[in-house]
Amino acid sequence: MRVAFATLTVLPVGRARWDRATARGGLVCAPLAGLVLGLVAGACLWIFVTLDTGPLLAAVLALATLAVLSRGLHLDGLADVADGFGSARPAAGALEVMKRSDIGPFGVLALVLNLLIQAAALTELAARGRGLAAVGVVLAALVSRAALTWSCRRGVPAARSEGLGAAVAETVPVGTAVAVAAAVAAFAAGAVAYADEPAGAGAVVGVCSVVLALSGVELLLRRCHHRFGGVTGDVLGAAAETAAAVTLLVLVVGTG
C-alpha cells in the first residue's frame, strides 16, 4: 500500500522499500490510490458545480487536481510515448527520444487532445448532474490506475533491461490482474447505477467503461510491444491516461 501511494500520489506516506515483490503489491493496490485521488478530485468538482461556477470550470479544476496529486507523471508518459511513436526511428532510437526531458510536437498534440477529450467529457457529465460527474472523476482515476495493474501482468515484457518498466514488468500474475479488473468493474457498476437512472442501464455502462478502457489499454500495449519491444514507465503513464479518457467517453455515451 505504501509503495502504491508513495509512487502514484504526492501524499506523505513515508519512504517505501522498493523491489519486485513490493512492486507487485504496489501495483495490486494501485487502484486504491486512484480511488483516493478520484474522491478528492470528485469532491472538488462537486463543490464547484454546487457553487454554480459552470460545468467547464468545474471539470478543468477536477482534472487539475488529479494532475497535481499525481505529479503529472502519467501525462508526461503520454507525451513521451507519442513522441516515440512519431519519431519514425527504430525501437532503440525511439526509446532514446522518450528518455529526453523535452516534449516534441507529437507529445504536445497528444497532451492537448487527451486533456480536451477528458475536459469535454467531464463538462458534459457535469451538465447532466453533479453526482454523475463526480462519479465520472472517481472512475477515471480508479480505472486509470487499474490499467497499471493490467499493464504489468505476466506476458507483457519490458522494453529495456533497466528503468521503471523493467522493475515492474510482469510482476503481477495474470489471475490477479483479472481479479483486480473484475473488482473495479463491479465497483463501477454500482457507482454508475447509483448516480444514473435507470439503475440497470447504469450498471451496464459502468462495466462497459472498465472493459472498453482496459481493451483500449491492451491495444496500446500491443502497439508498444511491436514498436518499442515492451513497456516502459512512459508506456504505463500513457496506458493510465488512455484508460481515463476512454472511461469518460463511455460514460458520456452510455448515460446520454
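As shown above, the structure is provided for reference.
What this report covers is the structure whose coordinates are included nearby. Note that the structure is a prediction, hence the values are computed from the model and not measured.

Each value, and the rule that gives it
- Residue numbering note: each chain is counted from 1, following its sequence as written.
- It should be noted that, the model being predicted, local features are given only for residues of pLDDT at least 70 and side-chain atom pairs only at 80 or more, the latter also being counted only at that level, while totals for whole chains, interfaces and linings use all residues.
- Working from all heavy atoms in the structure, the side-chain values ignore hydrogens and water.
- Strands here are runs of E lasting at least two residues and helices are runs of H or I lasting at least four, both read from the DSSP assignment and numbered beginning at the N terminus.
- What a helix is expected to span follows from its residue count: subtract one and scale by 1.5 Å.
- Exposure classes here rest on a 1.4 Å probe applied to the protein chains alone. A residue is buried below 20% of its type maximum, exposed above 50%, and partly exposed in between.
- The arc under discussion is defined with respect to the helix axis, by the directions toward the C-beta atoms.
- Contact definition: two residues touch when any of their heavy atoms are within 4.5 Å.
- Here a pair means two rings of Phe, Tyr or Trp (six-membered ring of Trp) with centres within 6.5 Å. Their orientation is stacked below 30 degrees between planes, edge-to-face above 60, and tilted elsewhere.
- The rule is short: NZ of Lys or CZ of Arg within 6 Å of the ring centre and within 35 degrees of the ring normal puts a charge over the ring.
- Within the patch definition used here, like charges are joined within 9 Å and nonpolar side chains (Val, Leu, Ile, Met, Phe, Trp, Tyr) within 5 Å, considering only residues with over 30% relative accessible area and no salt bridge.
- Methods summary: accessible areas were calculated by the Shrake-Rupley approach with a probe of 1.4 Å, and residue burial reflects only the protein chains presented.
- Salt-bridge detection follows one rule: a side-chain nitrogen of Lys or Arg within 4 Å of a carboxyl oxygen of Asp or Glu.
- In plain words, nonpolar cores are sets of buried Ala, Val, Leu, Ile, Met, Phe, Trp, Tyr and Cys residues tied together by side-chain atoms within 4.5 Å.

This brings us to helix α4 (residues 55–69). Taking 1.5 Å of rise per residue, 15 residues should cover 21 Å, and α4 covers 21 Å from first to last C-alpha, within 8% of that figure. For α4, the set of buried residues is Ala 58, Ala 59, Ala 62, Leu 63, Thr 65, Leu 66 and Leu 69. Seen along its axis, α4 keeps its buried residues to an arc of 150°; they face one direction. For α4, the exposed residues set more than 90 degrees away from the buried face come down to Leu 56 and Val 68. Looking at the packing, one finds that the buried side of α4 touches α1 (2–8), α3 (30–50), α7 (105–128) and α8 (130–151). Arg 71 occupies a position one or two residues after α4 and carries a positive phi of about 65°.

Take the packing of aromatic side chains next. For any two aromatic rings, the description comes down to two numbers: the centre-to-centre distance and the angle of the planes. Taken as a whole and judged by the stated rule, the model has one aromatic pair. An angle of 20° between the planes, with centres 5.1 Å apart, marks the rings of Phe 85 and Phe 228 as stacked. Highlighted residues: Phe 85 in helix α5 (residues 73–86) and Phe 228 in helix α11 (residues 199–228), separated in sequence by 143 residues. You can call Phe 85 partly exposed: its relative accessible area is 26%. Residue classification places Phe 228 among the buried positions, given a relative accessible area of 2%. Geometry around Trp 150 places Arg 153 over its ring, the cationic atom sitting 4.3 Å from the centre.

The next point concerns a nonpolar patch on the surface. A cluster of nonpolar side chains, contributed by Ile 103, Val 108, Leu 109, Val 112, Leu 113, Leu 116, Ile 117 and Leu 249, occupies part of the molecular surface with about 670 Å² of accessible area. Here the element with the most residues in the nonpolar patch is α7; it accounts for six residues. By secondary structure assignment, the location of Leu 113 is in helix α7. Residue class for Leu 113 comes out partly exposed when judged on its relative accessible area of 45%.

Ranked by internal contacts, the top residues of the largest apolar core, which has 77 residues, are Leu 122, Leu 125, Phe 228 and Val 235. The dominant element in this core, judged by the number of residues it contributes, is α8, at 13 residues. Contacts of Val 235, omitting those with residues within four sequence positions, involve Val 81, Met 98, Leu 221, Cys 224, Phe 228 and Gly 230.

Attention now goes to helix α2 (residues 20–28). Every buried residue of α2 is accounted for by Thr 22, Ala 23, Gly 26 and Leu 27. With its buried residues spanning 140° around the axis, α2 presents them on a single face. On its buried side, α2 packs onto α1, α3, α8 and α9 (164–168).

Let us now look at unusual backbone geometry. Of note in this structure, Ala 88 is not a glycine but carries a positive phi near 60°. Relative to the assigned elements, Ala 88 resides in the loop between α5 and α6 (91–99). A positive phi angle, near 60°, is found at Glu 170, a position not held by glycine. If you trace the backbone, Glu 170 turns up in the loop between α9 and α10 (174–195).

Further remarks concern the environment of Val 10. Residue placement: Val 10 occurs in the loop between α1 and α2. Given the relative accessible area of 36%, Val 10 is considered partly exposed. In this structure, the C-alpha to C-alpha distance between Val 10 and Arg 71, residues 61 residues apart in sequence, is 6.7 Å. In this structure Val 10 touches Val 68, Leu 69 and Arg 71, once residues within four positions along its chain are discounted.

The analysis is restricted to geometry; functional conclusions fall outside its scope.
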